[in-house]
Amino acid sequence: MSTYQQQVTPFIDFEHAELRFNGEWLNKVNLPQLVEILARVPVSMSLQHEDFRTRLAEGQGLSVAEFVYSVVMAMDSVAITADVELGGVGRAPR
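Residues numbered from 1 in each chain as written. Predicted model: local features only at pLDDT ≥ 70, side-chain atom pairs only at ≥ 80, totals over all residues. Heavy atoms only, no water.

1. Quick notes on the overall build of the chain
Helix and strand counts for the chain come out as six helices and zero strands. Beginning at the N terminus, the succession of helices and strands in the chain can be written as α-α-α-α-α-α. The buried share among the 94 residues of the chain stands at 14%. A fraction of 61% describes how many contacts in the chain between residues 6 or more apart in sequence connect residues 24 or more apart. Total accessible area on the chain is roughly 7,400 Å²; 57% of this is exposed by carbon and sulfur atoms. (Helix = DSSP H or I, 4+ residues; strand = E, 2+ residues; numbered from the N terminus. Buried < 20%, exposed > 50% of the residue type's maximum accessible area, 1.4 Å probe, protein only. Contact = heavy atoms within 4.5 Å. Areas by Shrake-Rupley, 256 points an atom, 1.4 Å probe, with all protein chains shown as cover.)

In structure tokens, the structure reads:
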């Protein structure tokens, strides 16, 4: 976190920004709740991610964890109700 904070300091006034850790809300989600949320997300929507499409076109597989990861990132957005969100460019766990 400190490295990330150093990188974005020129753009963000951390005296007025609120830093949150997604464990605050994700640790409270139980399996039935997660299944209920996942039931509302079409797989076709996840397959629109360029990274997923490229890998499938190259004959590589995708794990269930990768689909769940993208939904969890959306859950973050809902939970924090932020005006602006910043995050690193990353890939879902394989």
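2. Some remarks on the packing of aromatic side chains
Considering all chains together, one arrives at one aromatic pair under this definition. For the pair F52 and F67, a centre-to-centre distance of 5.6 Å together with 65° between the ring planes defines the contact as edge-to-face. In this pair, F52 sits in helix α5 (residues 50-57) while F67 sits in helix α6 (residues 64-80), placing the two residues 15 residues apart along the sequence. Take F52 and F67: they sit in the same class, and that class is buried. (Phe/Tyr/Trp six-rings, centres within 6.5 Å; stacked < 30°, edge-to-face > 60°.)

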